[in-house]
Amino acid sequence: MAGSSSVLLCRHLGSDAARTSLEDDLARRLSDSGRTVLITPHLYHLPHGSDAWHEIAALPGDLAVLGWISPRAIECLLREHAGIEPAIAVDLSGPDDPFAAIEAALAPAESPGDVRELDLPVSARWYPVIDRSRCTSCRHCLQFCLFGVYEAQERRVVAVRPDSCKDGCPACARVCPHGAIIFPLSDEPAIAGMPGTVMQPDAAARRMFYVRTGRHCPLCGKVAEAGQQPAPGEAACVECGAPVERPDEAPSLVHEEIDALISELDALTPGGEGE
Ligand code: SF4
Ligand code: SF4
């Protein structure tokens, strides 16, 4: 069934002739096929609060987005800054044919399309993008960051000073327990939010988190200290790195829970205690 639809085409940052040619060609083909096309500078570099986000939010019909970052990063940025959910997001540096992907995802167009470009000066930025579908508002990123990038607002953690983030550093993405922080320009696929990847918390970064914040570790109950090393005969807590007694000498909470689970399963097994 025919219906209105729009395409947001986000250019790369720079002057790569091949990329510019691809962007121009796609804009022409998509408008020829009846799509309303809005061209903007690189989505990640658009300033927070810019009018461009309002123009994007006002695009009619189902929205397809083309950009030079992962589809997950595109979706998170649009949710956060324009309050919209695209029908499809395509990474122009990925393997998919962007024109075919959009034509397959959007309903056939019913009227001629047009192309409009927002001529907005932007410069390169580096800041965290929060994936709200994974964030639990645990505030670990806020407590870890030394540069005031994050604040809690109405029980949500928000990157209120994104441009205070240290260029090229993805530290809080390694600390986040839920893989909810994306740095779309990272060389590491999981940190960039690439398809099929989710960032797993990094053990060293988690230890640094406990040292830096002085929080009690929920696993061993201790407060980790900088430079603390397990003495001979001691083990290190897998969460915070603080020295702990060996599990065979003092069962940890996790081991006790696993033992209880095994006992319950034994009782349910034919021939087990519950039979
Ligand atoms: S650390 Fe991760 S899950 Fe926790 S508030 Fe920050 S982004 Fe959300
Ligand atoms: S990467 Fe570092 S400076 Fe940037 S927001 Fe995360 S903790 Fe703060």
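Structure: above.
Within each chain, residue numbers correspond to sequence positions counted from 1 in written order. For this description, chains carry letters from A and ligands carry numbers from 1, given in the order in which they are written. Where local features are concerned, this predicted model is filtered to residues with pLDDT of at least 70; where side-chain atom pairs are given and counted, the filter is 80 or more; whole-chain, interface and lining totals use all residues.

**Student:** A description of the overall build of the protein should follow, citing residues and the corresponding values.
**Tutor:** Across its full length, the protein holds 9 helices and 11 strands. Buried residues in the protein amount to 33% of all 275 residues. Once local pairs closer than 6 in sequence are excluded, the contacts in the protein between residues at least 24 apart make up 60%. The helix count covers DSSP runs of H or I at least four residues long, the strand count covers runs of E at least two residues long, and both are numbered beginning at the N terminus. Using C-beta atoms placed from the backbone, we call a residue buried if 20 or more other C-beta atoms fall within 10 Å of its own, exposed if 12 or fewer do, and partly exposed for counts in between. For every residue pair, C-beta atoms are placed from the backbone, and the pair is scored as a contact if these atoms sit within 7 Å.

**Student:** Could you give an account of the site of ligand 2, naming the residues involved and the relevant values?
**Tutor:** Near ligand 2 you find Pro128, Phe144, Cys145, Phe147, Val149, Cys165, Lys166, Cys169, Pro170, Ala171 and Cys172, and these make up its full shell. Amino acids outside the nonpolar list (Ala, Val, Leu, Ile, Met, Phe, Trp, Tyr, Cys, Pro) and the charged list (Asp, Glu, Lys, Arg) are all regarded as polar, and Gly is one of them. Taken together, the residues of the shell around ligand 2 break down into 10 nonpolar, no polar and 1 charged. A residue counts as near a molecule or strand when its C-beta atom, positioned from the backbone, falls within 6 Å of it.

**Student:** Account for unusual backbone geometry, naming residues and giving values.
**Tutor:** A positive phi is found at Arg139, a non-glycine position, where the angle reads about 75°. In this model, Arg155 sits at a positive phi of 70°, which is unusual for a non-glycine residue. Mapped onto the elements, Arg155 comes out in the loop between strand E7 (150-153) and strand E8 (156-159). What makes Arg155 exposed here is the crowd of 7 C-beta atoms within 10 Å.

**Student:** Now, about the pairing of strand E3 (residues 62-67): what can you tell me, with residues and values included?
**Tutor:** The buried fraction of E3 amounts to 5 of the 6 residues, a majority that puts the element mostly inside the structure. Summarising the sheet, strand E1 (residues 5-10) and E3 pair through 5 bridges and their orientation is parallel. Bridge pairing links Leu8 to Val65 in E3. At least two DSSP bridges between two strands are needed for those strands to be called paired. Relative to strand E4 (residues 88-91), E3 runs parallel, the two being bridged by 4 bridges. Counterpart to Leu66 in the pairing with E4 is Val90.

**Student:** Explain the nonpolar core to me, using residue names and the numbers behind them.
**Tutor:** Residues Leu8, Cys141, Cys172 and Ile182 are the most contacted members of the largest nonpolar core, which totals 63 residues. Here this core spans two domains, since at least three of its residues come from each of domain 1 (5-117) and domain 2 (129-201). Sequence-distant contacts of Cys172, defined by excluding residues within four places in its chain, comprise Pro128, Cys141, Phe144, Cys145 and Ile181. The nonpolar core criterion groups buried Ala, Val, Leu, Ile, Met, Phe, Trp, Tyr and Cys residues into a set whenever they are joined through C-beta atoms within 7 Å. Domain start and stop positions are those given by an automatic or database domain assignment.

**Student:** Residues and numbers for the packing of helix H1 (residues 17-32) against helix H4 (residues 98-105), please.
**Tutor:** Here an angle of 0 to 180 degrees is reported between the N-to-C directions of two axes, which are lines fitted to C-alpha atoms, with helices fitted over the stretch in contact. At a minimum axis distance of 10 Å, the contact between H1 and H4 shows a crossing angle of 30°. Here H1 lies roughly parallel to H4, going by the angle between them. With respect to the hand of their crossing, H1 and H4 are arranged in right-handed fashion. Here Leu26, Arg29 and Leu30 of H1 come into contact with H4, specifically with Pro98, Phe99 and Ile102. Each residue belonging to the contact of H1 with H4 can be placed in one class, and the counts come to 5 nonpolar, no polar and 1 charged. Angle categories are assigned with fixed cut-offs, so that under 35 degrees is roughly parallel, over 145 is roughly antiparallel, 65 to 115 is roughly perpendicular, and the rest are oblique. By definition, any crossing whose near helix is turned counterclockwise from its far helix by less than a right angle is left-handed, and any crossing with a clockwise turn is right-handed.

**Student:** Account for the sheet that holds strand E2 (residues 36-40), naming residues and giving values.
**Tutor:** Pairing within the open sheet is parallel, and its 5 strands lie in the order E4-E3-E1-E2-E5. Across the chains shown, the open sheet's two edge strands, defined by having one partner strand only, are E4 and strand E5 (115-117). Strand-to-strand, the axes of this sheet are offset by a mean angle of 15°, without reference to chain direction. Relative to E5, E2 runs parallel, the two sharing 3 bridges. Across the sheet, residue Ile39 finds its bridge partner in E5, namely Glu117. With respect to the sheet, helix H3 (residues 71-82) is in contact with E3 and E4, its orientation differing from that of E4 by roughly 130°.

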